[in-house]
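Listed below are the residues making up each chain.
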Amino acid sequence: MTTPALLPLSGRRLPALNLGTSSFPHHRATLRLSEKFILLLILSAFITLCFGAFFFLPDSSKHKRFDLGLEDVLIPHVDTSKGDKSLGSFLIHGQGHDEHRHREEEERLRNKIRADHEKALEEAKEKLKKSRDEIQAEIQTEKNKVVQELKKKDSKPLPPVPLPNLIGINSGEPADPEIREKRNKIKEMMKHAWDNYRQYGWGHNELKPIARKGHSTNIFGNSQMGATIVDALDTLYIMGLHDEFREGQEWIDKNLDFSVNSEVSVFEVNIRFIGGLLAAYYLSGQEVFKIKAVQLAGKLLPAFNTPTGIPWAMVNLKSGVGRNWGWASAGSSILAEFGTLHMEFVHLSYLTGDPVYYNKVMHIRKLLQKMDRPNGLYPNYLNPRTGRWGQHHTSVGGLGDSFYEYLLKAWLMSEKTDMEARKMYDDAIEAIEKHLIRKSNGGLTFIGEWKNGHLERKMGHLTCFAGGMFALGADGSRDDKAGHYLQLGAEIAHTCHESYDRTTLKLGPEAFKFDGGVEAVAIRQNEKYYILRPEVIETYWYMWRFTHDPKYRQWGWEATQAIDKYCRVSGGFSGVKDVYSSSPAYDDVQQSFFLAETLKYLYLLFSNDDLLPLDNWVFNTEAHPLPVLHLANTTLSGNPAYR
Ligand code: DMJ
């Protein structure tokens, strides 16, 4: 779904002047004509008032009340002993006053009123001489002033917070010239993606690299919020693309506006925008990112106003009205959506000193902890009105995936002190291993999906992130099974590599089967596409960090070459519709996560480990690095006010 073209800043509506008309361009003329009419009405009212004052006020020099804001020309005579200042200032009584002086005062007043009156007439005449466009421009200038004032009010600095230990935010330059060359190639691909977005899609959420224009989907509502800019910032930063980073920062500073009548996905906005802004803030130290993240989080909070506190999937940023996806089982919210807020929300509380964000996500956790789980598995659907599970469908891919990831990462980002999160992760992973993970006849380990008591032997591209997750969670695992989980991660990485290797393009399909003699291959036509997704490369990178087995760099390089060969077009990078076809059609979308995740994980794979070390940084599910917080027992916030 595309959105209406972005109104230039000068064409944006002001809430105070919203006369109930639509914000779409063809209504703008109506709005401005009525404003012009109101302006003329005010002018004529003022002129009439001046006439009235001059000709029709009673001419009594004995009891005259001058209440026209002319106090400065009157000398107050107040009997303070009586404590009455109200009329004393403005009632002039004949007694004790010089008649002559009084007449002079009156004359002076008349002259002033006459002069004001003539000036107003002149101004009105001047106004009427102006063209419609000039009058509209003046109205617009006034509106812009008000908008700027409102923005200033909204951008109050937040209380200072001690920053966590931010190490390894640049460099990582490999000594080996061959690896350096590969890393430079990935940086060049980032530049190609960014430059084309900059040229053809600037300010839009995403880019159509073949049509060479902006693109959007319903997850961003009908607004143009520059999703690619926000998502790409930290990748630009770590790659040392500082001019591009500054361009992005400038756009965000001047244009990123959340007061829009737009219904967005709470999950997507959280992981891409809040995650992206927070990471940009931590890396660069630029306050604007923190301020925008906090403003946006405020707009998401109404989504939590449900009978259970489980948020709606979508919220209107302006009205705060929330609702769920029409396709979700029995009006349910989605596990991977309401379960993927923790990292960002804890950081928001840390940075602002306001516990509201922390409380929202902890409430979700407590509620989930109390619930019965069929076979120890978390179903993907939960009704936010009743607090009951919807369909008993469990997945480590779409609809479930990042919920498990965030349990582990909540523990990691707390410096491994959040034991409640670690326990929930361990319990969940044990149930998943027991019921969902199997070996195919050909010896490939895969993660299937649980649907109403039945295991579907199908694995999604999205599920491939789990290889990295198992490796990341190996250290600290229950019963010291670190070796086991590292091995499980390696097996998933191998299976996912096979899903790439068994295609014509050497790029992975959206979903692949392990059924009826088929292994790691997509069967249905609508599962054969590759949309520049990162999960397989993400797992290669984690496995590389934990094992330094050169095969992960080799697999990552295979994927880089395939993307460059089959997805690169002159206007950017596009997804392809069939990875088994030698001449695939393009889907003509450059996803924002291609810049946020795919290219970042590739770049990190060919960098030294001292770039964003995993002891200090935890990546959110959109690959935005957030620092480990030193929360020391009970302390949540870095802000002393909250301690
Ligand atoms: C990204 O937006 C995130 O990784 C999310 O968790 C799932 N999918 C996409 C990319 O495939």
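Per an unreviewed UniProt entry, the chain carries the name alpha-1,2-Mannosidase and comes from Crypturellus soui. The annotation that UniProt attaches to the chain under Sequence similarities (unreviewed entry) is "Belongs to the glycosyl hydrolase 47 family." The record in UniProt for the chain states the following under Function (unreviewed entry): "Involved in the maturation of Asn-linked oligosaccharides. Progressively trim alpha-1,2-linked mannose residues from Man(9)GlcNAc(2) to produce Man(5)GlcNAc(2)."

Visitor: Mind showing me how you'd approach the pairing of strand β17 (residues 518–521) here?
Guide: Working note: regular strand, side chains alternate between the two faces of the sheet. Relative to β17, strand β16 (residues 511–515) runs antiparallel, the two being bridged by three bridges. Its bridge partner being in β17, phenylalanine 514 is matched across the sheet by glutamate 519. Hairpin remark: β16 followed by β17, antiparallel, with two residues in the connecting loop; positive phi at glycine 516, about 50 degrees.

Visitor: What exactly am I supposed to notice about the pattern of salt bridges here?
Guide: Working definition: two side chains of opposite charge can pair if their charged atoms are close together. Taken as a whole, this structure holds 37 salt bridges when the rule is applied. With a closest N to O distance of 3.5 Å, arginine 180 and glutamate 173 form a salt bridge. Note on glutamate 173: relative accessible area 44%, which makes it partly exposed. With its nearest N and O atoms 2.8 Å apart, the salt bridge here joins lysine 409 to glutamate 405. With lysine 409 and glutamate 405 both in helix α12 (residues 401–413) and four residues apart, this pair spans about one turn of that helix. Glutamate 405 shares its class with lysine 409; the two are buried. Connected via shared salt-bridge partners are Lys185, Glu188, Asp564 and Arg568.

Calculation rules
- Residues numbered from 1 in each chain as written.
- Predicted model: local features only at pLDDT ≥ 70, side-chain atom pairs only at ≥ 80, totals over all residues.
- Heavy atoms only, no water.
- UniProt positions renumbered as here; feature names shortened; annotations may be inferred.
- Pairing = 2+ DSSP bridges.
- Helix = DSSP H or I, 4+ residues; strand = E, 2+ residues; numbered from the N terminus.
- Salt bridge = Lys/Arg side-chain N within 4 Å of Asp/Glu carboxyl O.
- Buried < 20%, exposed > 50% of the residue type's maximum accessible area, 1.4 Å probe, protein only.

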